[in-house]
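Architecture at a glance
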Amino acid sequence: MEVKIMCKIQFSVLSYFPSVVTNENINVGILFHNLDTDERTFHMMKNWNRLESFDDEIDINFMKKYLQGIKNESERNLFNGDEAFSLKEYIKYYVNELRFCTIKEADVKNVDEFILTTEKVHMRLDFEKSERLSRDSEVKYIKMMMRSNKVDYSSSPIQGGYDETVRFDYMVGNYGFKNFTFEDKKISRMVTNAKAWSHTAESLSGKYNTIFVYDVEKDESTNYHIIMKILGEHAYKVMPSSEVIDFVMKLQQDEDAKYQNRLDL
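Residues numbered from 1 in each chain as written. Predicted model: local features only at pLDDT ≥ 70, side-chain atom pairs only at ≥ 80, totals over all residues. Heavy atoms only, no water.

**A look at the packing of aromatic side chains**
A ring pair, where both rings are aromatic, is described by two values, the distance of the centres and the angle of the planes. Applying the stated criterion across every chain yields a total of 16 aromatic pairs. Each ring, one from Phe 62 and one from Tyr 66, has its centre 5.9 Å from the other, and the planes form 35 degrees; the classification is tilted. With Phe 62 and Tyr 66 both in helix α2 (residues 60-76) and four residues apart, the pair spans about one turn of that helix. Ring geometry for Phe 114 and Tyr 141: centres 6.1 Å apart, planes at 25 degrees, overall stacked. Separated by 27 residues along the polypeptide, Phe 114 in helix α4 (residues 111-122) and Tyr 141 in helix α5 (residues 135-148) bring together distant segments of the chain. The exposure class assigned to Tyr 141 is buried, which follows from its relative accessible area of 4%. The ring centre of Phe 127 lies 4.7 Å from the NZ or CZ of Lys 46, which sits over that ring. (Phe/Tyr/Trp six-rings, centres within 6.5 Å; stacked < 30°, edge-to-face > 60°. Helix = DSSP H or I, 4+ residues; strand = E, 2+ residues; numbered from the N terminus. Buried < 20%, exposed > 50% of the residue type's maximum accessible area, 1.4 Å probe, protein only. Lys NZ or Arg CZ within 6 Å of the ring centre and 35° of its normal.)

**Looking at the sheet that holds strand β11 (residues 237-240)**
A sheet is described by the order of its strands in space; here four strands give the open sequence β8-β9-β10-β11, paired in mixed fashion. Edge positions in the sheet fall to β8 (170-172) and β11, since each of these pairs with one other strand and no more. Between one strand axis and the next, the sheet turns through 30 degrees on average, direction left out of account. Note that β8 and strand β9 (residues 175-180) share three bridges and pair antiparallel. Looking at the pairing, Tyr 170 lines up with Phe 177 of β9. (Pairing = 2+ DSSP bridges. Axes fitted to C-alpha atoms, helices over the stretch in contact; angles between N-to-C directions.)

**Points about the packing of α5 against helix α8 (residues 244-264)**
The N-to-C vectors of α5 and α8 enclose an angle of 35 degrees; their axes lie 10 Å apart at closest approach. Here the hand of the crossing between α5 and α8 comes out right-handed. From α5, Tyr 141, Ile 142, Met 145 and Met 146 reach across to α8, where they touch Val 244, Ile 245 and Val 248. For the contact of α5 with α8, a count of residues per class yields seven nonpolar, no polar and no charged. (Left-handed = near helix turned anticlockwise from the far one by under 90°. Contact = heavy atoms within 4.5 Å. Nonpolar A, V, L, I, M, F, W, Y, C, P; charged D, E, K, R; others polar.)

**Some words on the packing of helix α6 (residues 191-204) against helix α7 (residues 222-234)**
The interhelical angle for the contact between α6 and α7, taken along N-to-C directions, is 10 degrees, at an axis separation of 7 Å. One finds that α6 runs roughly parallel with respect to α7. On α7, the residues that touch Val 191, Ala 194, Lys 195, Ser 198, Ala 201 and Glu 202 of α6 are Asn 223, Ile 227, Ile 230, Leu 231, Glu 233 and His 234. Here the residues of the contact of α6 with α7 are counted per class, giving six nonpolar, three polar and three charged. (Parallel < 35°, antiparallel > 145°, perpendicular 65-115°, else oblique.)

**Regarding the nonpolar core**
Val 28, Leu 51, Leu 67, Phe 100, Phe 114 and Phe 177 are the most contacted members of the largest nonpolar core, which totals 57 residues. Residue contacts for Phe 100: discarding those within four places in its chain leaves Ser 12, Val 13, Leu 14, Leu 31, Phe 42, Ile 70, Tyr 90, Ile 91 and Tyr 94. Judged by nonpolar contacts, the second largest core, of 23 residues, contains Phe 168, Met 171, Phe 182 and Ala 201. (Core = buried A, V, L, I, M, F, W, Y, C linked by side-chain atoms within 4.5 Å.)

**Some points on the side chain of Asp 126**
Take Asp 126: it is sitting in the loop between α4 and α5. Its relative accessible area of 12% is what places Asp 126 among the buried residues. A polar contact of 2.7 Å, which involves the side chain of Asp 126, links it to the backbone nitrogen of Lys 46. Apart from the residues within four sequence positions on either side, Asp 126 is in contact with Met 44, Met 45, Lys 46, Asn 47 and Arg 50. (Polar contact = N/O pair within 3.5 Å; in protein donor to acceptor, adjacent residues only side chain to side chain.)

Shape descriptors only; they carry no functional weight alone.
Quick look at the structure:
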């Protein structure tokens, strides 16, 4: 029986921020680094219409060439000579409109499968509907990333404000995460469920922080905006699924820092 060897993969998502005033952004690429083979691969967005819709003033041809330059430079290590490639050193110079996010790590058996799944999480709309991750697959990926990055999480139910059982998709500390899937759903039928979860978030307030996670934005739907308003009323935060991993890693880092401070006292 063949035993697959685990590989350690680092990656960072590249986002485009058109304004220094707002924090609105769109993911345009992902840089992967296989620490075992030193192979780097930069995957850039394919759906350029999304970028043009996001910022109608952008020069698409210039952006394509710029991202291709990042691909050539990072994969071939053009400017570092014989020095070992460092993802941390490479991304630190991107601080303006194009910025790389926090570096994440994962121990994986199938590198190609992991890269493809990561693309589907962070650049979901680059893929046809039939190719996109299901809600369960996305939650499974997030849990795998939390394990790889040493984030303590739980899938156990908790006791609600009325002694009822509340089941989040996962919890990190006192933060409970509940996923809402809008894609290919009759959104008008989700209003009642959103109200119920908003009430649950209110009843848990003070003891648990409820975070609602969504897959895609449906700006053309009136019911989508109604649901987002309902969810946002009592939630600690409402965020897209692509932001969850960064958020939980920050939670864990803050918790680790508090623990270290207590040890130092």
